[in-house]
Amino acid sequence: SSPGAASKASLRDLILSNDLAFLMEAHDGLSAAIATQAGFKGLWASGLSISSSLGYRDANEASWTQVVDVVEHIVDATDVPVLVDGDSGFGNFNNARLLARKLEQRGASGVVIEDKGFPKMNSFVGDRHPLADINEFSGRLKAVKDTASSDFVLVARIEALIAGHSLDEALIRAHAYAEAGADAILIHSRKAVADEILAFAQAWANRLPVIIVPTKYFRTPVSNYRNAGISTVIWANHNMRAAIAGMRNICSRIHSDESIAAIEEQVAGLDELFSLIGYDELARAEERYLPGP
Ligand code: SPV
Ligand code: MG
């Protein structure tokens, strides 16, 4: 894999293209490799999934440097661009621009910053999601924009609907964030149907590309998003949740059976693991670089 300059250019292309794009969640090198091999053209470094895999709550318990370190592993394990969940930027404009600079140094292709304060709480937990002041948040966006290179994609995430505000509030914020220099808008919803997302998309009329996270409105067919001119869909946490389901099942079987005989066929073979992580490349490199016998 050759992450770096080539991948940075293509996140912008993915988001700007007329085709609906899909980003798959990754939370470590292994999940990044699996999502890449499945054919995804871009990855989502999810805050929820990264913090969960570290055993933390999605409430900024993982430090920004811990997140940056995980992103480095994700970038190393893929050759497709990585859009990073930057939460609310870990503070004010100054923390947000430092985060963006370090993410870009580690090879990320873009960051999403949401209009809440620090610490944030996951959008699906509880009802307390105080929104940031529009002007203060616009300053956070401007600072990131002024710090990152022009290839680096800045996505402004609007939490107005999550916080129970109106579509109008979401639109006022979208206009302000576009003015501040965002490259795309992520509009988030916790409803089980896509109506408020689709209403936003219609009113917004693609002034900037729209990114959505249909975790709760998962039944809506993606053709609705294509018809609505949505740019990008993020499958935000499904590698992490698949890992929970898989590990829970295997742990409970091994614990009750006191044996691994029955589950051998249910887990990935070691050959599959070695191929996923590219052991064959190491064998070829040894031929080339180690002295012969
Ligand atoms: C994440 O994956 O961490 C997200 C999306 O930010 S959500 O959990 O839906 O807020
Ligand atoms: Mg998140």
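About the cut-offs
- Residues numbered from 1 in each chain as written.
- Chains lettered and ligands numbered in written order.
- Predicted model: local features only at pLDDT ≥ 70, side-chain atom pairs only at ≥ 80, totals over all residues.
- Heavy atoms only, no water.
- Helix = DSSP H or I, 4+ residues; strand = E, 2+ residues; numbered from the N terminus.
- Buried < 20%, exposed > 50% of the residue type's maximum accessible area, 1.4 Å probe, protein only.
- Polar contact = N/O pair within 3.5 Å; in protein donor to acceptor, adjacent residues only side chain to side chain.
- 1 Å grid on protein atoms, 1.4 Å probe; cavity = no way out; pocket = protein on both sides within 12 Å on 5 of 7 lines; lining within 4 Å.
- Points joined across faces, edges and corners; volume = space filled by probe spheres on them.
- Nonpolar A, V, L, I, M, F, W, Y, C, P; charged D, E, K, R; others polar.
- Salt bridge = Lys/Arg side-chain N within 4 Å of Asp/Glu carboxyl O.
- Pairing = 2+ DSSP bridges.
- Axes fitted to C-alpha atoms, helices over the stretch in contact; angles between N-to-C directions.
- Left-handed = near helix turned anticlockwise from the far one by under 90°.
- Contact = heavy atoms within 4.5 Å.

Colleague: What should I look at first to understand the environment of Ser 52 in this one?
Modeller: Assignment of secondary structure puts Ser 52 in helix 3 (residues 47-53). According to the relative accessible area criterion, Ser 52 is partly exposed, its value standing at 30%. In this structure, the C-alpha to C-alpha distance between Ser 52 and Met 240, residues 188 residues apart in sequence, is 7.8 Å. Looking at Ser 52, its side chain comes within polar contact range of the main-chain oxygen of Leu 48, at 2.6 Å.

Colleague: How should I be thinking about empty space enclosed by the protein in this particular structure?
Modeller: The probe, sized like a water molecule, is rolled over the atoms to show the empty space still left. Per the counting criterion, the structure on display carries 3 cavities of 30 Å³ or more. Volume-wise, the largest cavity comes out at about 150 Å³. What lines the largest cavity is a set of 16 residues, among which Leu 48, Asp 85, Asn 122, Arg 157 and His 188 lie closest to the centre. A per-class count over the lining of the largest cavity returns 5 nonpolar, 6 polar and 5 charged. There is about 80 Å³ of room inside the second largest cavity. What lines the second largest cavity is Gly 47, Ile 50, Ser 51, Asp 58, Ala 59, Asn 60, Ala 62, Val 67, Asp 85, Asp 87 and Phe 90.

Colleague: Help me understand the pattern of salt bridges in this model?
Modeller: A side chain of one charge can pair with a side chain of the opposite charge if their charged atoms are brought near each other. Inspection of the entire model under this criterion finds 18 salt bridges. The salt bridge involving Arg 12 is made with Asp 183; its shortest N-O contact spans 3.3 Å. Of this pair, Arg 12 sits in helix 1 (residues 5-16) while Asp 183 sits in the loop between helix 7 (167-179) and strand 6 (184-187); the two residues are 171 residues apart in sequence, bridging distant segments of the chain. In this structure Asp 183 comes out as buried when scored by relative accessible area, which is 14%. Glu 136 is the salt-bridge partner of Arg 140, the closest N and O atoms lying 2.7 Å from each other. Of the two residues, Arg 140 and Glu 136 are both situated in helix 6 (residues 134-147); the distance of 4 residues between them amounts to about one turn of the helix. Given the relative accessible area of 3%, Arg 140 is considered buried. Since its relative accessible area comes to 33%, Glu 136 is described here as partly exposed.

Colleague: Got a minute to help me understand the layout of surface pockets in this structure?
Modeller: When its volume is computed, the largest pocket comes out at roughly 690 Å³. In terms of lining residues, the largest pocket is bounded by 25 residues, among which Leu 30, Ile 34, Ala 243, Met 247 and Ala 268 are the most central. Here the residues of the lining of the largest pocket are counted per class, giving 13 nonpolar, 9 polar and 3 charged.

Colleague: Explanation requested: the pairing of strand 8 (residues 232-235) in the structure shown.
Modeller: Within a regular beta strand, the side chains point alternately toward one face of the sheet and then the other, so they alternate between its two faces. One ladder, built from 4 bridges, connects strand 1 (residues 21-26) with strand 8; its direction is parallel. Following the sheet pairing, Phe 22 is matched in strand 8 by Val 233. Note: strand 7 (residues 210-212) against strand 8, 2 bridges, orientation parallel. Each bridged residue has a counterpart across the sheet, and for Ile 211 the counterpart in strand 8 is Thr 232.

Colleague: In this structure, what is going on with the packing of helix 6 against helix 7? I would like to understand it.
Modeller: Relative to each other, helix 6 and helix 7 sit at 40°, their axes nearing to 10 Å. The interaxial crossing formed by helix 6 with helix 7 has right-handed handedness. Contact with helix 6, carried on its side by Ile 134, Phe 137, Ser 138 and Leu 141, involves Glu 169, Ile 172, Arg 173, Ala 176 and Tyr 177 of helix 7 and no other residues of that element. A class-by-class count of the residues in the contact of helix 6 with helix 7 yields 6 nonpolar, 1 polar and 2 charged.

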